[in-house]
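# Topology and contacts: notes
Given next are the chains, with one letter for each unit.
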2 protein chains.
Amino acid sequence: MSAATTPSPTAVVRERERLARVALNRLGEPGDLRLTSLTRELGAERLHEMLLGEGETNGLQTDVAARLAALDPARELEQAARLGLRFVVPGDAEWPVQLESLATAAPLHERGGVPVGLWVRGPLRLDELARSVAVVGSRAATTYGDGVAAEIAAAVGRSGRPVVSGGAFGIDVAAHRGAVTAGAPTVAVLACGADRVYPAAHRELIEHLARTGAVVSEAAPGCAPLRIRFLARNRIIAALAAGTVVVEAARRSGALNTAGWATRLHRPLMGVPGPVTSAGSAGVHEQIRAGAAALVTCGADVLELVGGAGEALVERPPVPGTARDALSHRLRQVLDAVPAASAAGADSIARVAGLGVLEVGSSLLRLQAAGMVLDTPAGWRLTELARA
Amino acid sequence: MSAATTPSPTAVVRERERLARVALNRLGEPGDLRLTSLTRELGAERLHEMLLGEGETNGLQTDVAARLAALDPARELEQAARLGLRFVVPGDAEWPVQLESLATAAPLHERGGVPVGLWVRGPLRLDELARSVAVVGSRAATTYGDGVAAEIAAAVGRSGRPVVSGGAFGIDVAAHRGAVTAGAPTVAVLACGADRVYPAAHRELIEHLARTGAVVSEAAPGCAPLRIRFLARNRIIAALAAGTVVVEAARRSGALNTAGWATRLHRPLMGVPGPVTSAGSAGVHEQIRAGAAALVTCGADVLELVGGAGEALVERPPVPGTARDALSHRLRQVLDAVPAASAAGADSIARVAGLGVLEVGSSLLRLQAAGMVLDTPAGWRLTELARA
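Quantities reported herein were computed from a predicted structural model and do not represent experimental measurements.

Cut-offs applied
Residues numbered from 1 in each chain as written. Chains lettered and ligands numbered in written order. Predicted model: local features only at pLDDT ≥ 70, side-chain atom pairs only at ≥ 80, totals over all residues. Heavy atoms only, no water. Buried < 20%, exposed > 50% of the residue type's maximum accessible area, 1.4 Å probe, protein only. Helix = DSSP H or I, 4+ residues; strand = E, 2+ residues; numbered from the N terminus. Contact = heavy atoms within 4.5 Å. Pairing = 2+ DSSP bridges. Axes fitted to C-alpha atoms, helices over the stretch in contact; angles between N-to-C directions. 1 Å grid on protein atoms, 1.4 Å probe; cavity = no way out; pocket = protein on both sides within 12 Å on 5 of 7 lines; lining within 4 Å. Points joined across faces, edges and corners; volume = space filled by probe spheres on them. Nonpolar A, V, L, I, M, F, W, Y, C, P; charged D, E, K, R; others polar. Parallel < 35°, antiparallel > 145°, perpendicular 65-115°, else oblique. Left-handed = near helix turned anticlockwise from the far one by under 90°. Salt bridge = Lys/Arg side-chain N within 4 Å of Asp/Glu carboxyl O. Polar contact = N/O pair within 3.5 Å; in protein donor to acceptor, adjacent residues only side chain to side chain. pLDDT = per-residue confidence, 0-100. Phe/Tyr/Trp six-rings, centres within 6.5 Å; stacked < 30°, edge-to-face > 60°. Lys NZ or Arg CZ within 6 Å of the ring centre and 35° of its normal. Disulfide = S-S within 2.5 Å.

So, on to helix H7 (residues 171-181) of chain B. All names here are of chain B. Summarising burial for H7: eight of the eleven residues are buried, a large majority. Those residues of H7 that sit buried are Ile171, Asp172, Val173, Ala174, Ala175, His176, Gly178 and Ala179. Buried residues along H7 sit in contact with strand S3 (133-136), helix H6 (143-158), strand S4 (163-165), strand S5 (186-190) and helix H8 (203-212). Just beyond H7, the residue with positive phi is Gly183, at close to 70°.

Next up, the structure:
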């Protein structure tokens, strides 16, 4: 797996395996269940050979065989390398092993399975994404959603975890930018080829990620962002990350497709609530309500749920307490019976409190010791401390 | 329990019981655990007698005994009646039996237990609250919270369920008004006496409820709204209603106290989410996140959770037994190539079927989805369904 000056037999086999995977990757659509599962079952080289051979024995398969025969995987790899792309396959040191869980996850829209390989552009190694968090959501995000996505992504980034998203308008780009602002690595998984930029408006951001993080795609270089590729792409986002946060999603948002994959993969799925009057939060609320997603409100919530060693105790904003909270039930009862703006005698306080005057007398002395009441000539009064 | 023209011995006992309860109610604070549990254990009359008697034998109890002896419960009832108040006690036809669950619910802040009785002003009978829904929340509500509270309360009211709340500023009053707007009965449970109005700004609303619904309190007539009484009052709100909705609540909001009671009583607790940037939603989010409250976004969500008969899921019709007959010719061809008693790889199945391995791969996935084959580590196997 590490580069050897003289190719060993294993390295040669590995290279043949990689070339077979390049061909199979180019042959099928991302997430084509037949290809991913047969590759897993038979191995890439064997499947490649069988599909090539079928051209000669079975007329119906000519199309596949002919397309395979016409491919030049070595040249594809060379061309990709010139664009700064590498093709990462199972067995590579960089291969993100968490993708293997896709082998047993139930498919969705006939897409599924462990990808044959992933095209990568950028310095970040994919095996560094095991602790990453996906932050996704609606393209048609609100400023509220954008703000929360950026804040959560920044908090995730500051904790040392890369942020994975889809490079799309709305929540995705807000998440990438939040991570960039925090100086944290962030990865865009695209539905088009990793050499391309989609949407075009995000050229600057995506090129920035290619320089500092990674741009990843299961689709071969040059591929256009077809709808079916978004569905396959979403499974890669969910499978790469340790957990997925959906910030805003309308009822039929594509972000819920990513959410579905997180659930299929038994990874933490988290949802950020919003106003119930906002259509952009309806899909998230549905996921939380159904018990599919955990409600999260901030980066600390997310980090707690994606868990891991050394992160058990993320600091939460403290809940303010008052001197009053430290009192016993009975002392509070007496304190409450002291008028807010005037003085009163113990007997009057006892009547208001509904307690015996003896007991109230001893309670008032204890409250005085605690600095909560003052004994004045006009009667008992609350102190500033008691009013706080 | 029904009014008799000539008082029967039972009716007389019942009246003595009611008078004892009036005295005990006046003696202690609402939700005083000692009083509620001793009343339940000994009966109101016996406890009343014992406490009166203790005055003579136990110097420390003089205060209690003296206060009890000074009370005139019959006169209290008369005076209350002149204010339009009745005192509803266990055994009355109107007694809301759902309050009995307070007997076993864990106390909170040393408050708890079944109230000795409830003071009621208004035409609505308390036994009509078994299906009611409590809608509560912050006094410092946002316009968002107010709007959602009113909408949920209106939807609950339109469904024929009374709305219970606390008559306070913010969410409470929005909920009452929502129910009133929907022409639905609504009940305010107050921390002060049911003859009083708190807060004073809600005089008009509370008098409206007293004419059309009910104003309820565990505190005796004339009692002031002390903080401790709010805590006891909250348990009555939660215990009267079939479920409690918290619309907005900051981290330390009193509404969370009512929420805690709903949980203690094993009643559905529901929370309305809001922007994570709103402090007024933080307490609700915490409850949802902790799994204590279910997320609800509208009246329909609430009604689904408070449930009732006739709302169970309709069972799906079973799949017809002739599963194999429903298959296409090609799928049957592949199915027939799967060994009857062992497992086989897709390539072997393809050879037997005389078909291409890609096509067999996709057919196997479709057969798997139909429950006819299983993908095992040893290869593809027939299921029971395929063998049938």
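With that settled, the discussion passes to the sheet that holds strand S2 (residues 118-121) of chain B. Residue and element names in this part refer to chain B. The mixed open sheet is built from nine strands, whose spatial order is S1-S2-S6-S5-S4-S3-S7-S8-S9. With partners counted over all chains shown, the strands left at the sheet margins are strand S1 (86-88) and strand S9 (294-295), one partner each. Across three bridges, the pairing between strand S7 (residues 243-246) and strand S8 (residues 269-271) is parallel. Bridging from a neighbouring strand, Thr244 pairs with Leu269 of S8. In the packing of helix H9 (residues 227-240) onto the sheet, contacts are made with S2, S3, S4, S5 and S7, and the angle to S5 comes to roughly 155°.

This paragraph deals with empty space enclosed by the protein. Going through the model one piece at a time under the given rule, you end up with five cavities of 30 Å³ or more. Here the largest cavity is characterised by a volume of approximately 80 Å³. B:Leu24, B:Asn25, B:Gly28, B:Glu29, B:Pro30, B:Gly31, B:Asp32, B:Leu35, B:Thr36, B:Val116 and B:Glu218 together form the lining of the largest cavity. Mapped by element, the contributors of at least two residues to the lining of the largest cavity are helix H1 (9-27) and helix H2 (33-42) of chain B. In terms of residue class, the lining of the largest cavity is made up of four nonpolar, four polar and three charged. The wall of the second largest cavity is formed by A:Leu24, A:Asn25, A:Gly28, A:Glu29, A:Pro30, A:Gly31, A:Asp32, A:Leu35, A:Thr36, A:Val116 and A:Glu218. Secondary-structure elements contributing two or more residues to the lining of the second largest cavity are helix H1 (9-27) and helix H2 (33-42) of chain A. Of the residues that constitute the lining of the second largest cavity, the class distribution is four nonpolar, four polar and three charged.

Time to look at the packing of H7(B) against H8(B). All names here are of chain B. Running from N to C, H7 and H8 point in directions that differ by 45°, and their axes come no closer than 11 Å. Of the possible angle classes, the one that applies to H7 and H8 is oblique. Viewed along their axes, H7 and H8 form a crossing whose handedness is left-handed. Residues Val173, His176, Arg177 and Val180 of H7 form the contact with H8, whose participating residues are Leu205, His208 and Leu209. Classifying every residue of the contact of H7 with H8 gives four nonpolar, two polar and one charged.

What follows is about the interface of chain A and chain B. Taken together, the contact pairs 49 residues of chain A with 44 residues of chain B. Here A:Arg46 ties to B:Asp347 by a salt bridge, and the two come within 2.1 Å at their closest N and O atoms. The interface formed by chain A and chain B holds eleven residue pairs in polar contact (both at pLDDT 80 or more) in total. Every element with two or more residues in the side of chain A that touches chain B is listed here: H2, helix H3 (44-57), helix H6 (143-158), helix H11 (279-289), helix H12 (299-306), helix H13 (329-337) and helix H14 (346-353) of chain A.

Residues and elements named next belong to chain A. With respect to the element layout, Ser165 can be found in strand S4 (residues 163-165). Only 3.1 Å separates the side chain of Ser165 from the side chain of Asp172, close enough to count as a polar contact. Apart from residues no more than four positions distant in its own chain, Ser165 is found in contact with Val135, Val136, Asp172, His176, Val187, Ala188, Val189 and Ile237.

With that out of the way, let us pick up the confidence of the model for chain A. In regions of low pLDDT, the predicted coordinates are not meant to be interpreted in detail. Residues and elements named next belong to chain A. This prediction gives chain A a mean pLDDT of 88; 90% of its residues lie at or above 70. Confidence drops under pLDDT 50 across residues 1-5; counting only partners more than four residues distant or on other chains, this segment forms three contacts. Note on residues 309-319: pLDDT under 50 across the span, and 13 contacts to partners over four residues away in sequence or across chains. Complex prediction metrics read pTM 0.78 and ipTM 0.76.

Residue and element names in this part refer to chain B. For the coordinates displayed, the defined rule picks out four aromatic pairs over all chains. Here the aromatic rings of Phe87 and Trp119 are separated by 4.4 Å at their centres, their planes lie at 40°, and the arrangement is tilted. Taken together, the positions of Phe87 in strand S1 and Trp119 in strand S2 put the pair 32 residues apart, joining distant regions of the chain. The pair Phe87 / Trp119 is uniform in exposure class, with both members buried. A cation sits over an aromatic face here: Arg139 above Phe230, 5.6 Å from the ring centre. Sitting over the face of the ring of Trp261, Arg264 holds its NZ or CZ atom 5.4 Å from the ring centroid.

Attention now goes to the state of the cysteines. Residues and elements named next belong to chain B. Taken as a whole and assessed by the stated rule, the structure comprises zero disulfides over all chains. Here Cys223 is not disulfide-linked; the sulfur of Cys192 is the nearest cysteine sulfur, at 8.8 Å. For Cys223, a relative accessible area of 14% gives the class buried.

A word on the pattern of salt bridges. All names here are of chain B. Per the stated rule, a full pass over the model turns up 35 salt bridges over all chains. Between Arg121 and Glu207 there is a salt bridge whose closest N-O contact spans 3.0 Å. Highlighted residues: Arg121 in strand S2 and Glu207 in helix H8, separated in sequence by 86 residues. Residue classification places Arg121 among the buried positions, given a relative accessible area of 10%. Here Glu207 falls in the partly exposed class, since its relative accessible area comes to 22%.

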